[in-house]
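Survey of secondary and tertiary structure
What follows is each chain in one-letter form.
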Amino acid sequence: MKIKEILQNGKLNLSLEVFPPKEWPKFDDTIRTVDSMALLSPSFISVTYGAAGGTKTYTKKIAEHIQQQCHVTALAHMTCVGTDREEAQKLLSELSNSGVENILALRGDKPLSGEYKKDFTHASDLVRFIKTSGDFCVGGACYPEGHPEAESLSKDMDALKIKEECGVDFFTTQMFFDNNIFYCFLNKLYQKGINTPVIAGIMPITKPSQVRSVMELSGSGVPPRFRAIVEKFGDNPKAMQQAGIIYAAEQIIDLYANGVRNVHVYTMNKPFVAATLRSHLSEILA
């Protein structure tokens, strides 16, 4: 099923994300993780592409497993980095043949050389290519607090408008920890005339060490309320895990209560975290 159809099903949707292993010996472990998450009946499972596309072969294999063996809608990531037109077309053909019809088109982390392959410089270039290469549902990324490299939030909005004009079917946000920032972001999209559906991205923080890496990766600020949780429970792993999951659950409950129907969870390949979070929402999602 295409994700754009899932987003219009009138239900409260909860999707999950996994990342591929960097080495083949760990592939079976990742498949077991995927199988555990599939049992939670997510709306879809997305599979990341790895830095510079380094795990794209595993991304394809995992997406195929999700689609064919788990019978869950798969979303395969694809980045501009490390991908030229010929490679992209080959990968799209293989995914299409295996029943995967959803792609998340991303720019990807900037290469160490500072240069991208000439075919795709911006995510919008990749969106346009995918939309003309088959019957795919294509998603894009967005940043509620603005892309870390953007000159301003206004300039970032301009880039999202270009993606929409290139045919993107939905946006998924980077993680955020203050729902008011997300609501403000939705209002700015409306003012910009951007009408593409937006999936809210939530990440349960279960370790203090994740806070800094998340801030560097996504540009997300951490509100005082959550900083207090880290300071209070950061030295107690079990308590920190529980508090982080509950905080994420409260975010999702608030989003659903305020009319947001689609939430995506960055699971960090932790089935227990995903299952515990899902259990907090069992009656809400029933």
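In what follows, the accompanying structure is described.

Conventions used here
Within each chain, residues carry numbers counting from 1 in the order of the written sequence. Only residues with pLDDT of at least 70 get local features here, since the model is predicted, and only at 80 or more are side-chain atom pairs given and counted; chain-wide, interface and lining totals rely on the full set of residues. The side-chain figures draw on all heavy atoms in the structure; neither hydrogens nor water molecules are used. Our working definition of a disulfide is a cysteine sulfur pair at a distance within 2.5 Å. For each residue, the accessible area found with a 1.4 Å probe, counting protein chains only, is set against the maximum for its type, and the residue is called buried under 20%, exposed over 50%, and partly exposed in between. Elements are defined by DSSP. Helices are runs of H or I of four residues or more, strands are runs of E of two residues or more, and each kind is numbered from the N terminus. Summarising the geometry, the arc corresponds to the directions from the helix axis toward the C-beta atoms. In what follows, a contact means two residues having at least one pair of non-hydrogen atoms within 4.5 Å. Basic side-chain nitrogens of Lys or Arg form a salt bridge, by our definition, when they fall within 4 Å of a carboxyl oxygen of Asp or Glu. Note on geometry: axes are C-alpha line fits, over the in-contact stretch for helices, and angles between N-to-C directions span 0 to 180 degrees. Each angle is binned into one of four classes, with values under 35 degrees roughly parallel, values over 145 roughly antiparallel, values of 65 to 115 roughly perpendicular, and all other values oblique. For any helix crossing, the convention is left-handed if the near helix is rotated counterclockwise from the far helix by under a right angle, and right-handed if that rotation is clockwise. We call Asp, Glu, Lys and Arg charged. Ala, Val, Leu, Ile, Met, Phe, Trp, Tyr, Cys and Pro are nonpolar, and the rest, Gly among them, are polar.

Section: the state of the cysteines
A complete count under the given rule lists 0 disulfides for this structure. Cys70 takes part in no disulfide bond, and the closest cysteine sulfur, belonging to Cys137, lies 20 Å away. Take Cys184: it sits in no disulfide, and the sulfur closest to it among the cysteines is that of Cys142, at 13 Å.

Things to note about helix H11 (residues 271-280)
For H11, the full list of buried residues reads Val273, Ala274, Thr276 and Leu277. What you see down the axis of H11 is that its buried residues fit within an arc of 165°, all on one side. Residues of H11 that are buried in the fold lie against strand S1 (13-18), helix H10 (237-257) and strand S8 (262-266).

Focus on the pattern of salt bridges
Two side chains that carry opposite charge are able to pair once their charged atoms sit near each other. Throughout the structure, instances matching the rule amount to 13 salt bridges. Residue Glu94 is joined to Lys90 by a salt bridge in which the shortest nitrogen-to-oxygen separation is 2.7 Å. Of the two residues, Glu94 and Lys90 are both situated in helix H4 (residues 85-97); the distance of 4 residues between them amounts to about one turn of the helix. Among the residues examined, Glu94 registers a relative accessible area of 27% and is labelled partly exposed. Counted as one network, the salt bridges with shared partners bring together Lys60, Glu64, Lys90 and Glu94.

A word on the packing of helix H3 (residues 56-68) against H4
Packing of H3 against H4 brings their axes to within 10 Å, and their N-to-C directions diverge by 20°. With respect to H4, the axis of H3 lies roughly parallel. Considering the relative orientation of H3 and H4, their crossing is right-handed. Contacts between H3 and H4 involve Lys56, Lys60, Ala63 and Glu64 on the former and, on the latter, Glu87, Leu91, Glu94 and Leu95. Looking at the contact of H3 with H4 residue by residue, the classes come out as 3 nonpolar, no polar and 5 charged.

Describing the environment of Val265
As for its position among the elements, Val265 is in strand S8. With residues near it in sequence (within four places) discarded, Val265 still touches Leu14, Ser15, Leu16, Glu17, Ile202, Pro204, Ile252 and Leu277.

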